[in-house]
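# Observations on the three-dimensional arrangement
Now for the letters of each chain:
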2 protein chains.
Amino acid sequence: MRDEIFDRGGNPQATLLGAPKKVSAHDAALCNGTASHALDFDDVLETMLGHPSAPVLSAAMAVGEKIGATGAAVMTALVAGIETESFLGRLMEPGHHEAGWHTTATLGTFGATAAVAHLLRLNGDQFNHAFGLAGAQAAGMKVSFGTMAKPFHAGRAAANGVLAASLAQRGVTAAADTIEAPGGYAELTTDTLDRTAVSTLREDDYDIKRVLFKRHASCYLTHSLIEGLLQLRPLLGSDTRVVSAVHLHVLPVHLTTCNSETARTGLEGKFSMRFLAGLALVAGKASEQEFSDAWLNHPEIRRISELVQVVPDHIGAQMATPVEVQTIDGRMLRACVDMGIPASGRRVLDQQTRLVEKFDSLVEPVNGRGASTRLSELVQSFEHLEDVRTLMSYTRGRAGASVV
Amino acid sequence: MRDEIFDRGGNPQATLLGAPKKVSAHDAALCNGTASHALDFDDVLETMLGHPSAPVLSAAMAVGEKIGATGAAVMTALVAGIETESFLGRLMEPGHHEAGWHTTATLGTFGATAAVAHLLRLNGDQFNHAFGLAGAQAAGMKVSFGTMAKPFHAGRAAANGVLAASLAQRGVTAAADTIEAPGGYAELTTDTLDRTAVSTLREDDYDIKRVLFKRHASCYLTHSLIEGLLQLRPLLGSDTRVVSAVHLHVLPVHLTTCNSETARTGLEGKFSMRFLAGLALVAGKASEQEFSDAWLNHPEIRRISELVQVVPDHIGAQMATPVEVQTIDGRMLRACVDMGIPASGRRVLDQQTRLVEKFDSLVEPVNGRGASTRLSELVQSFEHLEDVRTLMSYTRGRAGASVV
């Protein structure tokens with residue numbers, strides 16, 4: 001994708017993460033949004049049933065860099081974008097997701113639009129037209145999960161937002177009621193439209209506080225089963241060959257999201273509950289490194305994967321998958337870890353520590369230690385930045401490093 | 001939009017119609033596709049229930065110019081694109097259109113993708129991935145009709161096609177069965193999926209022969225009522241004030257397409273059967289010039305518009321609207337002109353003459369007479385062009401002329 005963007009050319013408005021030269025804000029959003037979701041390791045939000053930040057932040061940072069916005073302005077735009085995604089989720093879910101739409105792409109387009117519209121200080125009419133132009137672009141389906149089109153969705157959503165808000169600022173019009181109109185986006189893409197969601201909005205209750213961060217490099221809906229099996233793993237002793245059966249009790253919606261039958265590629269592995277169950281028990285972790293061919297073809301993981309039974313029922317919850325492991329000596333081990341509870345109170349600090357570790361492990365190999373540390377400091381004092389360009393100048397990577 | 005494209009910048013790969021400098025092929029497709037549909041005066045195809053050429057040709061010409069393709073290659077790509085749109089229409093219509101999707105945007109994205117994929121000579125796998133990346137972008141709803149978002153849809157579809165095929169050529173993957181998969185694009189966007197459409201495809205039967213060309217600058221679904229009323233107009237004598245009632249018998253689908261209640265802007269007027277009925281009877285024509293404020297506010301047109309009754313029934317057909325005019329002296333005049341019959345045999349030559357006249361009337365004011373005549377000659381010998389850049393060099397317009 002980066003080659004395609006460079007081939008296209010453009011004015012140097014915004015940084016392509018890890019690349020030596022700038023491109024247009026639109027193309028930076030496209031490419032950075034794709035990169036942000038390429039590992040499927042980014043944050044999730046249960047109300048939108050998708051990944052909130054990849055489309056929104058990629059759009060807001062690209063335009064913020066173009067216009068020289070403050071960190072506080074970009075952060076406010078991020079909140080506007082994520083609240084938009086979450087509100088639309090409350091309006092349209094679970095039918096939108098269950099039908100087959102990929103919310104990171106679809107609701108992400110509206111979120112990215114809201115963020116850029118906020119950053120560009122659009123007035124009310126322009127905001128409505130921007131949402132109309134977002135509706136003219138919001139696409140992306142779960143049928144692409146396990147292919148490069150999934151991360152592309154996040155980039156496309158970010159770029160859609162940049163274009164929608166920028167055109168609205170220039171006076172391009174669209175239907176002002178694109179989402180809620182009869183025959184509008186909501187009616188066309190969900191059968192669980194809940195118009196009362198509007199009236200339950202509370203000014204002091206932000207859904208951005210409910211954003212969850214991935215510990216494992218797989219689909220968030222698989223986090224609970226991985227954590228559950230990691231709890232049971234020590235009880236098995238030193239050899240997983242005692243495992244004779246594994247049951248995963250998942251909601252039916254999991255079947256269309258992370259139930260890839262095969263795990264031939266790392267991408268497929270991230271959406272294969274069977275492979276991930278084997279990986280958790282055998283490797284004891286599921287970081288980016290475990291989605292290599294060596295683990296995908298590991299004989300013992302393959303053996304366990306074939307023993308896994310995915311049972312669709314409502315015993316658990318969206319983010320809480322009851323797991324059961326049977327052993328050849330007749331034991332039945334059970335666990336259920338709820339991964340749907342956002343950090344609060346003191347646990348926010350633990351979460352921050354974990355996120356800094358995750359940041360370092362992903363950024364240092366690309367950016368080098370010095371720039372990575374400086375970047376980490378700037379991210380942690382983001383709201384005080386006078387100009388987000390200061391931060392972006394540390395994201396260009398070393399010559400020859402490859403991100404996308 | 002042109003300002004937005006220039007602000008973005010890009011390598012000089014393809015011509016922006018009527019503009020003095022080149023932009024990237026992607027952005028030329030976006031802007032030229034929008035311009036092609038801005039007057040809503042472009043061709044239509046009943047099998048796709050939309051406008052086939054604006055997205056497909058804008059994409060094929062932009063990429064054709066970038067790579068220096070022959071006229072024959074671009075023309076073949078055009079056929080590939082339009083047949084794709086038409087086939088998807090046969091697969092998914094009328095449910096897709098009736099639900100509220102704007103086929104020029106949605107099926108147009110797949111058509112533009114097919115055209116560029118053909119031009120770039122993608123192999124079978126790449127073709128499938130290109131369609132997958134098209135599915136990741138195909139959006140656009142009829143709720144935007146009467147706003148600038150409608151022509152934007154055509155441009156967005158063209159640019160979507162350029163991006164989808166270009167990324168697939170570079171190895172980006174997507175679901176290979178995006179359209180037909182369970183939970184894929186067809187299932188998500190229509191309830192009249194007809195899988196037998198595949199088996200009725202005939203190699204020697206091209207739907208491109210069924211493309212219809214607009215005579216009036218309004219929605220094609222209103223052409224029949226305009227032609228019918230133009231037939232009755234001489235029978236009314238010199239004064240339309242004898243008209244006491246007008247009945248239009250349209251299919252129910254017309255109500256969600258061209259039944260704008262108001263005609264405050266020229267764009268709304270093009271989708272208002274009531275206004276168009278008045279315009280046909282009073283002005284006797286409906287070319288681009290008749291969508292000005294003077295005609296929109298004409299008292300006698302307003303009087304007749306208020307007398308119009310739009311009757312949804314199945315007496316007529318998609319392109320054949322029975323019209324009835326009652327007069328104060330008790331006469332009842334009836335007409336029904338079928339506008340759904342493509343030109344064939346000798347009538348193809350008549351059609352060509354009319355199209356050349358239409359071309360001249362639209363292009364001369366922008367391009368000047370000399371360049372316009374030369375351009376018209378080149379278009380008429382398109383299949384013999386060794387390099388389509390020859391033609392595009394005549395489309396840059398005069399300094400200061402404004403197209404978009």
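All values derive from a computational prediction rather than experimental measurement.

Turning our eyes to something else, we now look at the sheet that holds strand β6 (residues 332-335) of chain A. Residues and elements named next belong to chain A. One open sheet holds the four strands; their spatial order is β4-β3-β5-β6, and the pairing between them is mixed. Since the sheet does not close on itself, it has two edges, and those belong to β4 (308-312) and β6, each with one partner. On average, each strand axis in the sheet is tilted by 15° relative to the strand beside it, whichever way the strands run. As judged from the five bridges shared by strand β3 (residues 243-250) and β4, these two strands associate in the parallel manner. When the bridges of β4 are listed, histidine 249 appears paired with valine 311. The sheet contacts of helix α10 (residues 223-232) involve β3, β5 (323-327) and β6, and relative to β5 the element is tilted by about 35°.

All names here are of chain B. At their nearest, the axes of helix α6 (residues 103-119) and helix α8 (residues 149-169) sit 7 Å apart, and the two run at 35° to each other. Helix-helix and strand crossings are classified by hand; for α6 and α8 the assignment is right-handed. Here α6 contributes Thr104, Ala105, Gly108, Thr109, Ala112, Thr113, Val116 and Ala117 to the contact with α8, which in turn contributes His153, Ala154, Ala157, Ala158, Asn160, Gly161, Val162, Ala164 and Ala165.

Our next topic: the interface of chain A and chain B. The interface of chain A with chain B comprises 52 residues on the first partner and 52 residues on the second. When chain A packs against chain B, the two sides together hide about 4,200 Å² of surface, and 63% of this comes from carbon and sulfur. If you sort the residues of chain A by the area they bury against chain B, A:Glu4, A:Arg8 and A:Leu188 come out on top, with a joint share of 15%. Counting the contacts that link chain A with chain B gives four salt bridges.

Looking now at the relation of the copies chain A and chain B. With an RMSD of 0.0 Å, the fit of chain A onto chain B corresponds to turning through 180° and sliding 0.0 Å along the axis. The transformation just described matches what one would write down for a two-fold rotation axis. Looking at the rotation axis and the C-alpha trace of chain A, the residue lying nearest is A:Gly10, at 1.9 Å. Counting the interface residues of chain A, we find that 100% of their copies in chain B are interface residues as well, pointing to one common contact surface.

Take the domain arrangement of chain A next. Residues and elements named next belong to chain A. In terms of domains, chain A is made up of domain 1 (2-212) and domain 2 (220-335). Taking only C-alpha atoms, the centre of domain 1 and the centre of domain 2 are 32 Å apart. Across the contact, 15 residues belong to domain 1 and eleven residues belong to domain 2. For the pair domain 1 and domain 2, the summed buried area comes to about 1,200 Å², and 69% of that belongs to carbon and sulfur atoms. Among the residues of domain 1 in contact with domain 2, Leu39, Glu46 and Gly146 are the three that bury the most area, contributing 30% of the side total. Across the contact surface, domain 1 and domain 2 share zero salt bridges. Linking domain 1 with domain 2 are two residue pairs in polar contact (both at pLDDT 80 or more). The class makeup of the residues in the side of domain 1 that touches domain 2 is seven nonpolar, three polar and five charged.

Within the structure shown, the criterion is met by eleven aromatic pairs over all chains. Here B:Phe145 and B:Phe271 contribute two aromatic rings whose centre-to-centre distance is 5.3 Å and whose plane-to-plane angle is 40°, an arrangement assigned as tilted. A residue pair is termed long-range when its members are at least 10 positions apart, and B:Phe145 in the loop between α7 (124-135) and α8 and B:Phe271 in the loop between α11 (266-269) and α12 (273-283) qualify at 126 residues. Of the two residues, B:Phe145 and B:Phe271, neither departs from the other in class, the shared state being buried. Taken together, the aromatic side chains of A:Phe110, A:Phe127, A:Phe131 and A:Tyr185 make up a single cluster linked through ring pairs. Looking at B:Lys358, its charged tip hangs above the ring of B:Phe41, at a distance of 4.3 Å from the centre.

On to the sheet that holds strand β4 (residues 308-312) of chain B. Residue and element names in this part refer to chain B. One open sheet holds the four strands; their spatial order is β4-β3-β5-β6, and the pairing between them is mixed. The sheet is open, and its two edges are formed by β4 and β6 (332-335), each paired on a single side. Averaged over all pairs of adjacent strands, the angle between their axes in this sheet comes to 15°, without regard to strand direction. Judged from the five bridges that link them, strand β3 (residues 243-250) and strand β5 (residues 323-327) form a sheet pairing that is antiparallel. Bridge pairing links valine 243 to threonine 327 in β5. Packed onto the sheet, helix α10 (residues 223-232) meets β3, β5 and β6 and runs at close to 35° relative to β5.

Thresholds applied
- In this numbering scheme, every chain counts its residues from 1 along its sequence in written order.
- By the order in which they are written, chains take letters starting at A while ligands take numbers starting at 1.
- Local features are withheld for residues below a pLDDT of 70 in this predicted model, meaning they are given only at 70 or higher, and side-chain atom pairs are given and counted only at 80 or more; totals for whole chains, interfaces and linings count all residues.
- Just so you know, side-chain values use all the structure's heavy atoms and leave hydrogens and water out.
- Two strands are counted as paired when DSSP detects at least two bridges linking them.
- Strands here are runs of E lasting at least two residues and helices are runs of H or I lasting at least four, both read from the DSSP assignment and numbered beginning at the N terminus.
- In this analysis, axes come from line fits to C-alpha atoms, helices being fitted only over the stretch in contact, and the angle between any two N-to-C directions falls in the range 0 to 180 degrees.
- Contacts were defined at the residue level, with two residues in contact if any of their heavy atoms lie within 4.5 Å.
- Working rule for handedness: look at the near helix, and if it is turned counterclockwise from the far one by less than a right angle, call the crossing left-handed; if clockwise, right-handed.
- A simple way to read buried area is as the amount of 1.4 Å-probe accessible surface that goes missing from two parts once joined, with both sides added.
- Criterion for a salt bridge: a side-chain nitrogen of Lys or Arg within 4 Å of a carboxyl oxygen of Asp or Glu.
- We superpose the copies by least squares over the C-alpha atoms of residues that have a pLDDT of at least 70 in both of them.
- Where each domain starts and ends follows an automatic or database-derived domain assignment.
- Under this definition, polar contacts are N or O atom pairs within 3.5 Å; protein pairs additionally need one hydrogen-donor-capable and one acceptor-capable atom, and for neighbouring residues in sequence, both atoms have to be side-chain atoms.
- Any residue outside Ala, Val, Leu, Ile, Met, Phe, Trp, Tyr, Cys, Pro, Asp, Glu, Lys and Arg is labelled polar, Gly included; the first ten of those are nonpolar and the last four are charged.
- Pairs were defined over the aromatic rings of Phe, Tyr and Trp, the Trp ring being its six-membered one, requiring ring centres within 6.5 Å. Orientation was assigned from the angle between planes: stacked under 30 degrees, edge-to-face over 60, tilted for the rest.
- Throughout, exposure labels follow a simple rule: accessible area from a 1.4 Å probe, protein chains only, divided by the maximum for the residue type, with under 20% read as buried, over 50% as exposed, and the rest as partly exposed.
- Here, a charge over a ring means that NZ of Lys or CZ of Arg falls within 6 Å of the ring centre while also lying within 35 degrees of the ring normal.

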